[in-house]
Number of protein chains: 2
Amino acid sequence: MKIKVIVTLKEGVLDPQGKAIQQTLNGMGFSSVNQVRQGKYFDVEVDDSDETKAKEKVEDMCKKLLANLVIEDYKII
Amino acid sequence: MKIKVIVTLKEGVLDPQGKAIQQTLNGMGFSSVNQVRQGKYFDVEVDDSDETKAKEKVEDMCKKLLANLVIEDYKII
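Scope of this entry: the structure provided in the associated data block.

Criteria and cut-off values
Residues numbered from 1 in each chain as written. Chains lettered and ligands numbered in written order. Predicted model: local features only at pLDDT ≥ 70, side-chain atom pairs only at ≥ 80, totals over all residues. Heavy atoms only, no water. Helix = DSSP H or I, 4+ residues; strand = E, 2+ residues; numbered from the N terminus. Expected span 1.5 Å × (residues − 1). Buried < 20%, exposed > 50% of the residue type's maximum accessible area, 1.4 Å probe, protein only. Arc of directions from axis to C-beta. Contact = heavy atoms within 4.5 Å. Buried area = accessible area lost by both parts, 1.4 Å probe. Polar contact = N/O pair within 3.5 Å; in protein donor to acceptor, adjacent residues only side chain to side chain. Nonpolar A, V, L, I, M, F, W, Y, C, P; charged D, E, K, R; others polar. Pairing = 2+ DSSP bridges. 1 Å grid on protein atoms, 1.4 Å probe; cavity = no way out; pocket = protein on both sides within 12 Å on 5 of 7 lines; lining within 4 Å. Points joined across faces, edges and corners; volume = space filled by probe spheres on them. Axes fitted to C-alpha atoms, helices over the stretch in contact; angles between N-to-C directions. Parallel < 35°, antiparallel > 145°, perpendicular 65-115°, else oblique.

## As for helix H1 (residues 16–27) of chain B
And then number 1: Taking 1.5 Å per residue, 12 residues should reach 16 Å; H1(B) reaches 16 Å between its end C-alpha atoms and fits that length.
And then number 2: All buried positions along H1(B) are accounted for by Gly18(B), Ile21(B), Gln22(B) and Leu25(B). Viewed end-on, H1(B) has its buried residues packed into an arc of 100°, placing them on one side of the element. What points out from H1(B), more than 90 degrees from its buried face, is the exposed set Pro16(B) and Gly27(B).
And then number 3: On its buried face, H1(B) is in contact with strand E2 (33–46) and helix H2 (51–66) of chain A together with strand E2 (33–46) of chain B.
And then number 4: Backbone geometry just downstream of H1(B) places Gly29(B) in the positive-phi region, at approximately 105°.

Here it is as structure tokens:
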């Protein structure tokens, strides 16, 4: 079973990479772009047929490795 | 309006970073993890109230900057 996870920076945490992308997009003519924030995405394939159990495991992985909870949030989708 | 984009490596493209995460998770006791693939996530804030138009613009940005279509796929969510 494949579980999808998005890890994003918390509100208020500076994102210089996103800022650079926004400025580049503005320079390319996409003047309507106000802000870009970059995050990470993970496709985790777990050997579990029960979705609830698999998601619980992946949540545990997020807390222990995939996300830095001091500055990042995670969302299992 | 905030548009969310996920950029992932195409099937068959090697993902050493994902492999490293998988091995680390296995080593931490998550033995049921078969595969991890890492991708990128973008929150793009566009000055457009029309969702269809905003998504079209973001699709254009994906093709021109956010994704490398030779090795990556994008998905607007």
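There is more to say after this.
## Observations regarding the interface of chain A and chain B
And then number 1: Between chain A and chain B, the contact holds 35 residues from the first and 35 residues from the second.
And then number 2: Carbon and sulfur atoms make up 65% of the surface buried where chain A meets chain B, a total of about 2,900 Å² over both sides.
And then number 3: Taken as a group, Phe30(A), Tyr41(A) and Glu45(A) account for 19% of the area that chain A buries against chain B, more than any other trio of residues on that side.
And then number 4: On inspection of chain A and its partner chain B, the count reaches 12 residue pairs in polar contact (both at pLDDT 80 or more).
And then number 5: With 14 residues, E2(A) is the single largest residue contributor to the side of chain A that touches chain B.
And then number 6: In terms of residue class, the side of chain A that touches chain B is made up of 15 nonpolar, seven polar and 13 charged.
And then number 7: Examined bridge by bridge, E2(A) and E2(B) share 13 bridges and lie antiparallel to one another. The residue of E2(B) that forms the bridge with Asp43(A) is Arg37(B).

## A closer look at the layout of surface pockets
And then number 1: Approximately 230 Å³ is the volume found for the largest pocket.
And then number 2: What lines the largest pocket is a set of 15 residues, and nearest its centre among them are Lys4(A), Tyr41(A), Asp43(A), Thr8(B) and Lys75(B).
And then number 3: Among the secondary structure elements, those contributing two or more residues to the lining of the largest pocket are strand E1 (2–9) and E2 of chain A together with strand E1 (2–9) and strand E3 (72–76) of chain B.
And then number 4: A breakdown of the residues in the lining of the largest pocket according to their chemical character gives six nonpolar, one polar and eight charged.
And then number 5: A volume near 180 Å³ is recorded for the second largest pocket.
And then number 6: Lining the second largest pocket are 14 residues, and of these Thr8(A), Leu9(A), Glu11(A), Arg37(A) and Asp43(B) sit closest to its centre.
And then number 7: Counting residues per element, the ones that place at least two in the lining of the second largest pocket are E1 and E2 of chain A together with E2 of chain B.
And then number 8: Here the lining of the second largest pocket gets four residues from one element, more than from any other, and that element is E2(A).
And then number 9: Among the residues making up the lining of the second largest pocket, the classes are represented as two nonpolar, five polar and seven charged.

## Notes on the packing of H2(A) against H1(B)
And then number 1: Across the interface, H2(A) lies against H1(B) with an axial gap of 11 Å and an inter-helix angle of 105°. Between H2(A) and H1(B), the angle falls in the class roughly perpendicular. Together, Met61(A), Leu65(A) and Leu66(A) of H2(A) and Ile21(B), Thr24(B) and Leu25(B) of H1(B) make up the contact between the two elements.
And then number 2: Split into classes, the residues belonging to the contact of H2(A) with H1(B) amount to five nonpolar, one polar and no charged.

Purely spatial values, then, with no claim about function.
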